[in-house]
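# Geometric and topological summary
Read off the chains here:
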Amino acid sequence: MGENKSGLALSMNHVSKRYPGTLAVDGVDFEVCSGEVHALIGENGAGKSTLMKMIAGSFSDYTGEICINGKEVRLSSPSIAKENGIEMIYQELSLALSLSIAENVLVGNLPTKGIFVDRKAMVERTRDRLKRVGLEHLDPLMPVKDISQHEAQLVEIAKALGNNPCILVMDEPTSALSREEVERLFKIIDSLKKQGLAIIYISHHLPEIFRVADRVTVMRDGKRVGTYEIEEVNAGKLVELMVGRSVSEFYSSRSTHLGEEMLRAEHLSRYGFFHDVSFNVRAGEILGLYGLAGAGRSELGRSICGADPIDEGEIHLKGQKLAHKNMGQALEAGVAYLTENRKTQGLALRLTVGENALAALIPKHTKNFFYSGKDDKPVLDRLISDLQIYPPDPSRTVGNLSGGNQQKVLLSKWLSISPKVLILDEPTRGVDIGAKMIIHQAIEKLAGQGNAVILISSDLPELVAMSDRVVIMRKGHLIGEMNKGEFNEETVLLAANGEGGFVNVN
Amino acid sequence: MSTENMSTKLDRRSSKHAKWNLWLNKFGVYFMVILFIAFGTLISDKFLTVSNFMNIIQAVAMLGIVAVGVSFITYSGHFADMSVPVIMAFSGIIAVGAVKYGIVISILLGIAAGLSIGLVNAFVIGKLRANPIIWTLAVAFVMNGFIRWAYSGNQIYPDVESKGNVAGQIFVNLSRMNVFGSLPLMVLVMFIVVIIGQILLTKTKFGLQLKLIGSNYEAAKMTGVNVSRTVGLAFILSSVTTSIGGIFLTSLAKVGAYYNGIGYDFNAVTAIVLGGMTLAGGRGNAIGVLGGVFTLGLLSNIMTLIGVDTFSQAIVKGIIFIIVVGINAKSLRKLGRDDA
Amino acid sequence: MLNIIRSKNISKWIDNNRIYLIFIVVFLLATAFAPNFFNLFNLTNILRGASLGMMVAIGFTIVMICGHMDLSVASTLNLGAILVIGMQPRFGWTVSLIAAVLAGGIVGIINGLLVAKAKIHSFIVTLGTMTIVQGIIYMYSHGSSINVTDFALADWIDKAVIPLLPPRVLITVIAVALFEVFLTRTPYGKGFYMVGGNKETAWLAGFNTDRYLINAFTISALMAALGGALFSISISSAVPNMGEKGVSPLMIVLAATIIGGTSMAGGKGSIVKSAVAVIALGTLFNGLNCFGTGYEVQIFASGLVLAIVVLYEAFALYKQDRLRGQRPELLKELEDGRFKKI
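This text gives an overview of the structure that appears in the document. This structure is a prediction, so every number in the text was calculated from the model and none was measured. (Residues numbered from 1 in each chain as written. Chains lettered and ligands numbered in written order. Predicted model: local features only at pLDDT ≥ 70, side-chain atom pairs only at ≥ 80, totals over all residues. Heavy atoms only, no water.)

### Some remarks on the side chain of Ser72 of chain C
Residues and elements named next belong to chain C.
- Inspection of the secondary structure assignment puts Ser72 in the loop between helix H3 (40-65) and helix H4 (73-116).
- Under the relative-accessibility criterion, Ser72 is labelled buried at 1%.
- A distance of 2.5 Å separates the side chain of Ser72 from the side chain of Asp70, its partner in a polar contact.
- Residues in contact with Ser72, not counting those within four places in the same chain, are Val107, Asn111, Thr126, Thr129 and Met130. (Helix = DSSP H or I, 4+ residues; strand = E, 2+ residues; numbered from the N terminus. Buried < 20%, exposed > 50% of the residue type's maximum accessible area, 1.4 Å probe, protein only. Polar contact = N/O pair within 3.5 Å; in protein donor to acceptor, adjacent residues only side chain to side chain. Contact = heavy atoms within 4.5 Å.)

And the structure:
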């Protein structure tokens, strides 16, 4: 029990929100006290984000009662929410890229002198706020598009803190941050708590929740499952509450039959992104590729699959030199890459499940100029049932599916052509546990069929459990590899931070 | 009754609703066509006759030919081709100039002239990713100036006077001749273009990948689609049908001039969008575009029959255009496919 | 390393100020080579010619900063032009000028409502209203040009009372300056950039984004109507179809706005730069005219300038895209030639 819990900052009584066709939030009670960090967890589609949007004033048509500091309010627009001291930090960045940091941070209340904007005060105030999140080195007048993604994430936090909120909502605030930055953020949260702020913290990372939260509320299918003091629960219990069943063994060990060498990279370089990278992966193997943010993992993946150029070095596929000029040729040879940006680069959200899942098959199903759709249905049915895509209707618009199901559709796009080498970049980011298990099974099945998988993942438990071997990248170089039995979460993380010892590949 | 049961029911109903909405979005323009035909029949007894219908179709045939080509560009999410008027003018002028080498050479050179502009557009927009509207606008400026300069602002006429020059007469007759009895050549070409366009869009790798590009350019790229080539091809195809339209227009006007084709850029967009394509791309088809073209033709025919002057016609057209697109955007938004 | 930073800053500076550089180059070339270019009479003429475009560019740029497009200015300026001339004989200049501008404002409000509330693509909305307004103009004028009886105002409004700045030019320049200050120096004005830069964020930050869009389209239409009205006053007559067979003012303004560095994606742009771009194009036209070249060469040249700017932008973006995310320490390795020897 936190001693600072002076009173209820926010209480929601039996609130509901209906989208066309679904009841996203269904009669939920939720409360948070001043000086408390209240974590909100649940699988994707459980209704967390909808509940938070409700608090942020995104909906004018919710039902139920919301009280702030004991007074009933109707949060029907973002400005009303702001007037009531509510600030939100979004999972997806909400900064205007072409504008300066200062204009973003102070959006909505630029300092004025008479009727004009007071530039000097604007810069000074921004600098103060940046200092709070450790970004004092940034020039407030720099456009946001010139700073890195994790800096942008911190700018976002600075922006929310600047308005001196009494209720702060954080939706997956750590997804783009490095380890040190996450630690700094937690320190900020601790001090905000002491100042008496009410914080609502949403995250998929259970360890983070145990680090910062005082209480935790679990949601499932739009309903509240329960609220607990953090001391009375453990990770296993929370997972069980989230998925609604007991998950005794999350990662099953699998037997692997390693075959011939499938893909070998020799001294690959893309100047300025990664230099002199060599590794190999065998048939039936899942090769983990780990590195901190910005280590060049995704860039390596993109270059191998032909999305980006290679400046030096060679790739050999089954002993044959792979001389692809673009992604189409790499695909034809059997090398595919699943992007980490599901919404911007992965799926055509306005198209249907079927159109997305079969997108990669178009060249293969084209004979004599014409596309033949006669094989579409069996392939599609198989993919939908294998990956348990819900709803199992190929004519649904992908954009209306939950995050987990969208990710399954994205994966099915590549499973449809069963590539010899599949590079997976964060295949389960932001995905709920149920979908995660299904995706893992599908990956193992693909490897079991004698294909090679390269798994890029920041989710250490996943990486450690799935991989047969792990290679580590750091600052654009591949610095070493570890075999099964040699690595665990700690050693991998140490290595990626440049602290462990290695056998050099070369 | 459990909530779960209720929500599945709701789900199913909204799915049915969604399919209906989608269908409406695809072919709804033909409702409008039927509505107009019914209206026209009630209004005037001169309306529902074979000759009047032939008039209507013939009047919009050139627009149809152009619009189907431009619709490839819209479908790929690249809005429209503002160089349509100059492509039409240029192909017409070159065709007129080449009449002396025979009609076949004349037509081929005319198309090649338009194609050459299309190739430049294809490279700059497909490969270099220049903004399509602005780039094609720049091309329109440059070519407009060039054509005026090259012909000193003069119009050029096909030689129909001198004896033995059959080609000149055939050229002028292209837009006036009938095939298979009483089917105007222009109309035949329009239907061929629509059919080819429909097949390309719905039955080939090109069309399917174009849809992917129109829906999400980056995702298409990361699915291994050769985006530069596919987008480029859309601009090339557009320039070809536009050239064909330009040659017909020049033949009809009996004169090649820089101003031939003015207004066809916006008219084509009007027809395309009426036909159910959205500017966001990846939606609609060639048959819908034909419906859009028919709608425009019927509208002006009916208004002319009831004696609305051309000025008021423009007003009515503009209002109907906005209303139809507004309804379409709204129905898509209901589906959660907000892409207006 | 310092060199790299410096050259980056220089290229950024050039990028930000390219329109001024273009203008200076065009101006110097014309001064140096074009006969009868550099004299007060001719320079005043350039500014007179650019007034209409500058006035239209004000609102057009604001709409573009919001991430939208206003094609209807092509008709709205004709509406202003035809109304002020048509009403003058009965109502006098003051009333007819106010009425003409307000009529334009109505078009703008309709545009704004359709874009913001009905959520129809601005390209489509303004294409529709462009057609409608053009139809209204033809109906009003019966398709022919109309004249006024009172020529006194026309004589005054384009007379160089102050050197270089006849009243019409002066009004235009003041309008450009006022709107520039409004847009870049007041919190409300800065909101236009926010709305165009990221509409969602602006909305979440409590901006009334719908109101902003409606205002942008209204300003655009008001300024277009005002520009058209002043133009027709200066020639004491109005035609219903200004620039229909040639290059319309819309195309000039669109080209100038792009050359001036306003982004079609929204969130970036400057009214002053658009206005300078209009003058630069006018100077180009005029300079070429001094050689006795025809209109066609002027169109050709302005198209060429636009094409080069578009190509340059596309190429810069292409390059920037390829280099985004490069690690400086790796580039340093490359310079040292170190990593190859591993």
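### With respect to the interface of chain A and chain B
- Across the boundary between the two partners, chain A contributes 38 residues, which contact 35 residues of chain B.
- In total, about 2800 Å² of surface goes out of reach between chain A and chain B, with carbon and sulfur atoms giving 56% of it.
- Run the count over chain A and chain B and you get 10 residue pairs in polar contact (both at pLDDT 80 or more).
- Listed by contribution, the elements that provide at least two residues to the side of chain A that touches chain B are strand S2 (22-33), helix H10 (327-333), helix H11 (342-346), strand S20 (370-371) and helix H14 (403-415) of chain A.
- Sort the elements by how many residues they give to the side of chain A that touches chain B and H11 of chain A lands first, with 4 residues.
- Partitioned by chemical class, the residues of the side of chain A that touches chain B number 15 nonpolar, 13 polar and 10 charged. (Buried area = accessible area lost by both parts, 1.4 Å probe. Nonpolar A, V, L, I, M, F, W, Y, C, P; charged D, E, K, R; others polar.)

### A short note on the environment of Phe37 of chain C
- For Phe37 of chain C, the position within the fold is in the loop between helix H2 (18-33) and H3.
- For the pair formed by Phe37 of chain C and Val253 of chain C, sequence separation is 216 residues and the distance between their alpha carbons is 23 Å.

### What about the side chain of Arg48 of chain C?
Residues and elements named next belong to chain C.
- On the secondary structure map, Arg48 appears in helix H3.
- Side chain to side chain, Arg48 and Asn45 meet in a polar contact 3.0 Å long.
- The residues touching Arg48, leaving out its near neighbours within four places in the chain, are Asp158, Lys159, Ala160, Pro166, Arg168 and Val169.

### Some thoughts on the packing of aromatic side chains
- Enumeration over the complete set of coordinates arrives at 18 aromatic pairs over all chains.
- Between Phe369 of chain A and Phe370 of chain A, the ring centres sit 5.5 Å apart and the planes meet at 80 degrees, which makes this aromatic pair edge-to-face.
- A residue is classified by how much of its surface remains accessible, and Phe369 of chain A, at 52% relative accessible area, is exposed.
- The class of Phe370 of chain A is partly exposed, set by a relative accessible area of 41%.
- Relative to Phe146 of chain B, the ring of Phe90 of chain B has its centre 6.4 Å away and its plane inclined at 75 degrees; by these criteria the two rings are edge-to-face. Of this pair, Phe90 of chain B sits in helix H4 (residues 84-97) while Phe146 of chain B sits in helix H6 (residues 132-150), placing them 56 residues apart in sequence.
- Of the residues examined, Phe146 of chain B reaches a relative accessible area of 31% and is grouped as partly exposed. (Phe/Tyr/Trp six-rings, centres within 6.5 Å; stacked < 30°, edge-to-face > 60°.)

### Re the pairing of strand S10 (residues 198-202) of chain A
All names here are of chain A.
- Burial runs high along S10: 5 of the 5 residues are buried.
- By the alternation rule, side chains of S10 split into Ala198, Ile200 and Ile202 and Ile199 and Tyr201, which are all buried.
- Looking at chain direction, strand S3 (residues 37-42) and S10 are connected through 4 bridges and run parallel. Each residue of the ladder has a partner; that of Leu40, found in S10, is Ile202. (Pairing = 2+ DSSP bridges.)

### Side note on the sheet that holds strand S24 (residues 477-483) of chain A
Residues and elements named next belong to chain A.
- Spatially, the 6 strands line up as an open sheet ordered S18-S21-S22-S15-S23-S24, and their pairing is mixed. Among the strands making up the open sheet, the edge pair consists of strand S18 (335-338) and S24. Geometrically, the sheet is characterised by an average inter-axis angle of 20 degrees between neighbouring strands, direction not taken into account.
- Taken together, the 5 bridges between strand S21 (residues 421-425) and strand S22 (residues 452-456) define a ladder with parallel strand orientation. Paired with Leu424 across the two strands is Leu455, which belongs to S22.
- Here H14 sits on the sheet and contacts S18 and S21; the angle it forms with S18, its principal contact strand, is near 170 degrees. (Axes fitted to C-alpha atoms, helices over the stretch in contact; angles between N-to-C directions.)

### Structural notes on helix H4 (residues 119-132) of chain A
Residues and elements named next belong to chain A.
- Here H4 spans 21 Å end to end across 14 residues, near enough to the 20 Å set by a 1.5 Å rise per residue.
- Buried-residue contacts for H4 involve helix H3 (101-105), strand S8 (116-117) and helix H5 (149-162).
- Positioned one or two residues after H4, Gly134 has a phi angle of 75 degrees, which is positive. (Expected span 1.5 Å × (residues − 1).)

### Examining helix H9 (residues 297-304) of chain A
Residue and element names in this part refer to chain A.
- Within H9, 7 of the 8 residues are buried, which leaves the element mostly enclosed by the surrounding structure.
- For H9, the set of buried residues is Arg297, Ser298, Leu300, Gly301, Arg302, Ser303 and Ile304.
- At the C-terminal side of H9, Gly306 shows a positive phi close to 90 degrees.

### Some thoughts on the interface of chain B and chain C
- With 41 residues of chain B at the interface, the matching set in chain C holds 45 residues.
- Across the chain B to chain C interface the summed buried area is about 3700 Å²; carbon plus sulfur atoms make up 85%.
- Remark: the boundary between chain B and chain C carries 0 salt bridges.
- Summed over the shared surface of chain B and chain C, the result is 0 residue pairs in polar contact (both at pLDDT 80 or more). (Salt bridge = Lys/Arg side-chain N within 4 Å of Asp/Glu carboxyl O.)

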